[in-house]
Amino acid sequence: MKRLALAIAAVCLTTQAQAAPHPVAGLEKPAEIRIDRYGVPHIYAGSVRDAFFLQGYNVARDRLWQIDLWRKRGLGLLAKDFGPAYAAQDRAARLFLFRGDMKTEWASYGPDARSSTDAFVAGINAYVREIRAGARPLPKEFALAGSKPDLWSPDDVVRIRSHGLTRNVTNEVGRARIACVAGIDAARLYKNLEPDWTPKLPAGLDPCDIPADVLDDYQLATQGVKFGGTQARAALDIPPDALGSNNWTIAGSHTATGRPILANDPHREHSLPSLRYIAHLEAPGFSVIGAGEPALPGVSIGHNAIAAFGLTIFPADQEDLYVYETDPKDANRYRYGQGWEAMRLVQEKLVVKGEAKPRTITLKFTRHGPVIHETADKHRAFSLRTAWSAPGTSAYFGSTGYMSATSWPAFKGSLDHWGAPTENQVYADTAGHIGWVAAGLVPRRPNWDGLTPVPGDGRYEWAGFLKADELPSAADPAQGWIATANAMNLPDGYPVAERKVGFEWSNASRLNRISEVLGANPKVSIRDAATLQTDPTDVSARPLIALLQPLKSDDPQVSQALCLLRTWDLRTGAHSAAAAVYETWATKHLGGAVIARTAPAAARPILGQGDLAAVTRYLQAPDQAFGPDPAAGRDAVLLTALKSAMQELTGRMGPDVTTWSWGRLHVAEFHHALTPLAPADQKAALGAGPAPMSGTGLSPMAATWRESDFRLTAGASFRMVLDVGAWDNSLVINTPGQSGNPDSPHFRDLFPLWVSGQYAPLLYSRAAVEAATEEVLELVPGRDPPALSSLADKLRVATDRRH
């Protein structure tokens, strides 16, 4: 609190005088936006409509390049601005747009979803028009890229579906490819399955029909945008386990203050600007603060005056790859039932910068979804069926239905129609109630498990979706807390065979560590919760270290490694040499060594390092694949992998182990997508870091790294700990900063705090906000800006509306 008081005092001494009121066309009543010293906007509006309008206006002020690129990527409009190199990505993105009835789509969300989106988009467009009229400067990112911001339609926000966290189709393909070359049993180390389950190939599926490149369009549609040709930033190689979150909700009976605590830290690919954006909206009858994705209205993680809410991925299976036999005489027909069914062909225009005429592209759809690949020689086509193409499944947009909920029944009821991604939604309120709901559309698969592709001939059809009350939930449990971390959390006795929710969950290590810490502390404080969010302890190491305890080696390097690991406290701190040894051994060498010893040769390239949880289970109960003495064979593999890890570390950090540390390898450094296009003297201004980093992807302090160079790639860029009812005590961080403007003081000001595990206050009361205000924007209704200045602008708007 002393640090906070000093920070507020410093702000008060440096706050600039308020500027003259700024007229904004489309604003209905006078309003103000107060920016606190951490870059958080606090919007005080005269109506709920104006609050959402100003949220859009302000996010355009801070993040226009980011949200404009999000829109162009999602709608398939990149080539219009950036040229022919992006035409293939545009075509892929358009395959996954929502193409159903928009009236049904809007009706699938909360009652105010359309009105809040109309206002939000109007605010974005108001700011874009000010730029076009010359009242605001064009953000420098557009000048660097040679593009201009476009105007939005409300439908754009919900039609884009390819930005949501997707599910297991990549594993379906991998499992099928393993089955082709070595039989499906060879996939046992590919991915840990929970609850215990034995996958079977569906009748009628030839796994050898699945080509290695079948998901190229899918990957292209769901990836970010890269600039600079061969200089573009390398793929971050983010494993599925990295994309999730931690969250927990604690009853007052289990806290130091007697008030509930709710904590949430989403784990996603690290980017600059941050994926999340914090905002505070106040209007008569409406109050909410928290974070969401900047291109969406409202917040998905935060609180109102009464209730707090947070989310993590609940890894239900929302995807299936369908394989079709196509007609040798007409590749646009596929076998279905007793005959042939015609694909639906959709032709669209694709505007490409530098080309005189738009290209005509043809998109194909079956009854199950977009056709993402065809193999002419085998007469096969492949389409992807997804829950997130159904009405009401725009990613995270369902939060518009619960932001104003002030009771557990209201919150839980608002999630009955939550679509995607499937989430662990947690709740706490000032009355002391806490709860958890697993929410989302989960397909009902009556005759297969979703772990492999299936024939598309009609034998494998979804029988609708599970009902909300068929998914698990809990309220006010006796133990006083609920935690989730993307791990398997179906309750004992859940009818898995009947309701095949999914079998591919995140490694349980984060949940296990969170549970053991919360279970051991009967009076958790806000600071305790923050410390747990930044805890670098990796308990997945425990069983593997136990296997090493009795082992010996005549090799000096291996012996030194054994000594380090036997006494290690499992904390992957930046200064830890043992953490460097364990992470390199367990993540880069151990799985591959086990697979090289036990898996069929043809399957090894597909299996790679395998899944650490599956590998660990196997090492604890080795079989004859390790040799006539399975335990001895296993121990030999453990030591061989440890030797390989030590050799790699010696090459990277030298022979003196006393100089080794995890932070020498594991470094946080963020780069803007446009960095490859920037002049050499401007590149540094578009980044943050480098800085040594603690944590791993399997510690609560989620910090996933890339195998090639140990660079941090994903984790918790946003963290929040809420003191429910004493809201101004709440803590938050959003790295590298709130603003996307490289010239803003809030572009990377939070990065040093985040790297060191610190937080900023999440201020809510008007008095606290005013005391910490750094900048005030007084806004009043204004006139429309001048008409669009040129025919080119008019044509641009018309093109945007068509696509």
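The text that follows walks through the structure, step by step, so that each part is easy to find.

The rules behind the values
- Residues numbered from 1 in each chain as written.
- Predicted model: local features only at pLDDT ≥ 70, side-chain atom pairs only at ≥ 80, totals over all residues.
- Heavy atoms only, no water.
- Helix = DSSP H or I, 4+ residues; strand = E, 2+ residues; numbered from the N terminus.
- Rg over C-alpha atoms; globule rule 2.2 N^0.38 Å.
- Contact = heavy atoms within 4.5 Å.
- Areas by Shrake-Rupley, 256 points an atom, 1.4 Å probe, with all protein chains shown as cover.
- Pairing = 2+ DSSP bridges.
- Disulfide = S-S within 2.5 Å.
- Buried < 20%, exposed > 50% of the residue type's maximum accessible area, 1.4 Å probe, protein only.
- Core = buried A, V, L, I, M, F, W, Y, C linked by side-chain atoms within 4.5 Å.
- Polar contact = N/O pair within 3.5 Å; in protein donor to acceptor, adjacent residues only side chain to side chain.
- Arc of directions from axis to C-beta.
- Phe/Tyr/Trp six-rings, centres within 6.5 Å; stacked < 30°, edge-to-face > 60°.
- Lys NZ or Arg CZ within 6 Å of the ring centre and 35° of its normal.
- Expected span 1.5 Å × (residues − 1).
- Axes fitted to C-alpha atoms, helices over the stretch in contact; angles between N-to-C directions.
- Left-handed = near helix turned anticlockwise from the far one by under 90°.
- Nonpolar A, V, L, I, M, F, W, Y, C, P; charged D, E, K, R; others polar.
- Salt bridge = Lys/Arg side-chain N within 4 Å of Asp/Glu carboxyl O.

## Let's talk about the overall build of the chain
Now for step 1: Regarding its fold elements, the chain presents 23 helices and 29 strands.
Now for step 2: For 803 residues, the compact-globule estimate of 2.2 N^0.38 gives 28 Å, and the C-alpha radius of gyration of the chain, at 27 Å, lies within 12% of that figure.
Now for step 3: For the C-alpha atoms alone, the extent of the chain along its principal axes is close to 85 × 75 × 55 Å.
Now for step 4: Long-range contacts, defined here as pairs at least 24 residues apart, represent 72% of the contacts in the chain between residues at least 6 apart.
Now for step 5: Of the roughly 29300 Å² of accessible surface on the chain, a fraction of 54% belongs to carbon and sulfur atoms.

## Some words on the pairing of strand S11 (residues 330-336)
Now for step 1: Sheet topology note: the strand S10 (residues 319-327)/S11 ladder contains 2 bridges and is antiparallel. Bridge pairing in S11 links Asp327 to Asp330.
Now for step 2: From the end of S10 to the start of S11, which pair antiparallel, there are 2 residues.
Now for step 3: The turn linking S11 back onto strand S12 (residues 339-342) is made up of 2 residues, and Gly337 within it adopts a positive phi angle of 65 degrees.

## Here we look at the state of the cysteines
Two cysteines, two sulfur atoms, one covalent bond between them: this is a disulfide.
Now for step 1: Inspection of every chain in the model, using the stated rule, returns 1 disulfide.
Now for step 2: Here Cys180 pairs with Cys208 through a disulfide, and the sulfurs are 2.1 Å apart. When the S-S torsion is 105 degrees, as for the bridge of Cys180 with Cys208, the disulfide is right-handed. Of this pair, Cys180 sits in helix H9 (residues 169-182) while Cys208 sits in the loop between H9 and helix H10 (216-222), and the two are 28 residues apart along the sequence.
Now for step 3: Residue class for Cys180 comes out partly exposed when judged on its relative accessible area of 30%.
Now for step 4: Cys208 gets classed as partly exposed once you look at its relative accessible area, which sits at 32%.

## Remarks on unusual backbone geometry
Now for step 1: Residue Pro421 is reached from Ala420 by a cis peptide bond, and omega for that bond is -15 degrees.
Now for step 2: Note on placement: Pro421 falls in the loop between helix H11 (408-414) and strand S17 (423-429).
Now for step 3: Here the residue pair Gly689 and Pro690 is connected by a cis peptide bond, since its omega of 5 degrees sits within 30 degrees of zero.
Now for step 4: Relative to the helices and strands, Pro690 resides in strand S23 (residues 687-692).

## What to know about the nonpolar core
Now for step 1: Within the largest apolar cluster, 139 residues are counted, with the highest numbers of intra-cluster contacts made by Leu54 and Phe227.
Now for step 2: By residue number, the principal contributor to this core is helix H2 (residues 48-75), which donates 13 residues.
Now for step 3: Residues within four places of Leu54 in sequence aside, it is in contact with Leu27, Ala31, Ile33, Ile43, Ala45 and Leu779.
Now for step 4: Ala579, Val581, Leu639 and Met653 belong to the second largest nonpolar core, which has 55 residues in total.

## Section: the side chain of Asn507
Now for step 1: Structurally, the position occupied by Asn507 is in the loop between strand S21 (481-484) and helix H12 (509-520).
Now for step 2: Take Asn507: its relative accessible area is 12%, and that puts it in the buried class.
Now for step 3: Of note is the side chain of Asn507, whose polar atom sits 2.9 Å from the backbone nitrogen of Ser509.

## Concerning helix H14 (residues 541-548)
Note on helix geometry: an α-helix contains 3.6 residues per turn, so any two residues three or four positions apart are oriented the same way.
Now for step 1: Listed as buried for H14 are Ala541, Leu544, Ile545, Leu547 and Leu548. For H14, the buried positions fall inside an angular range of 155 degrees around the axis, keeping them on one side.
Now for step 2: Buried positions along H14 lie against helix H15 (556-566), helix H16 (577-598), helix H18 (612-620) and helix H19 (630-653).

## Focus: the packing of aromatic side chains
Now for step 1: If you walk through the whole model with that rule in mind, you get 34 aromatic pairs.
Now for step 2: Between Phe670 and Trp754, the aromatic rings sit 5.6 Å apart at their centres with planes inclined by 50 degrees, giving tilted as the arrangement. Remark: Trp754 occurs in helix H21 (residues 751-755) and Phe670 occurs in strand S22 (residues 667-671); sequence separation between them is 84 residues. In terms of burial, Phe670 and Trp754 fall into one category: buried.
Now for step 3: Here Arg276 stacks its cationic end above the ring of Tyr396, 5.5 Å away from the centre of that ring.
Now for step 4: Sitting over the face of the ring of Tyr44, Arg766 holds its NZ or CZ atom 4.0 Å from the ring centroid.

## Let's talk about helix H6 (residues 113-132)
Now for step 1: Between its first and last C-alpha, H6 extends 28 Å over 20 residues, near the 28 Å set by a 1.5 Å rise per residue.
Now for step 2: Summarising burial for H6: 14 of the 20 residues are buried, a large majority.
Now for step 3: In the stretch just after H6, Gly134 is the one whose phi turns positive, near 85 degrees.

## With respect to the side chain of Arg61
Now for step 1: Looking at the element boundaries, Arg61 is found in helix H2.
Now for step 2: Not counting residues up to four positions away in its chain, the partners in contact with Arg61 are Ile35, Tyr127, Glu775 and Leu777.

## Concerning the packing of H14 against H18
Now for step 1: The N-to-C vectors of H14 and H18 enclose an angle of 35 degrees; their axes lie 10 Å apart at closest approach. Crossing handedness for the pair H14 and H18: left-handed. Seen from H14, the contacting residues are Pro543, Leu544 and Leu547; seen from H18, they are Leu612, Thr616, Leu619 and Gln620.
Now for step 2: Its residues assigned to classes, the contact of H14 with H18 comprises 5 nonpolar, 2 polar and no charged.

## A word on the pattern of salt bridges
Between side chains of opposite charge, a pair can form when the charged atoms approach closely.
Now for step 1: Overall, the coordinates contain 47 salt bridges when judged by the stated rule.
Now for step 2: We note a salt bridge from Asp709 to Arg706, for which the minimum N-O separation is 2.7 Å.
Now for step 3: Where salt bridges share partners, they join Asp68, Arg71, Lys72, Lys80, Asp81, Asp150 and Asp156 into one cluster.

## Remarks on the sheet that holds strand S20 (residues 473-475)
Two orientations exist for strands paired in a sheet by backbone hydrogen bonds: parallel and antiparallel.
Now for step 1: Judged by pairing direction, the sheet is mixed, and its 11 strands sit side by side in the order S1-S29-S2-S3-S6-S7-S8-S9-S17-S18-S20 without closing on themselves. Only two strands of the sheet have a single neighbouring strand rather than two, namely strand S1 (22-25) and S20. Taken over all neighbouring pairs, the strand axes of this sheet differ in orientation by 20 degrees on average, direction set aside.
Now for step 2: Where strand S6 (residues 277-283) and strand S7 (residues 286-292) come together, 7 bridges link them in antiparallel fashion. Looking at the pairing, Glu282 lines up with Ser287 of S7.
Now for step 3: Helix-sheet contacts for H2 involve S1, strand S2 (31-36), strand S3 (41-44), S6, S7 and strand S29 (773-782), and the interaxial angle to S6 is about 155 degrees.

## Comments concerning the environment of Glu282
Now for step 1: As for its position among the elements, Glu282 is in strand S6.
Now for step 2: The class for Glu282 is buried, based on a relative accessible area of 18%.
Now for step 3: Considered as a pair, Glu282 and Val637 are 355 residues apart in the sequence and their alpha carbons are 60 Å apart.
Now for step 4: If near-sequence neighbours (up to four positions away) are discounted, Glu282 is found in contact with Ile43, Tyr44, Ala45, Ala51, Ser287 and Tyr764.

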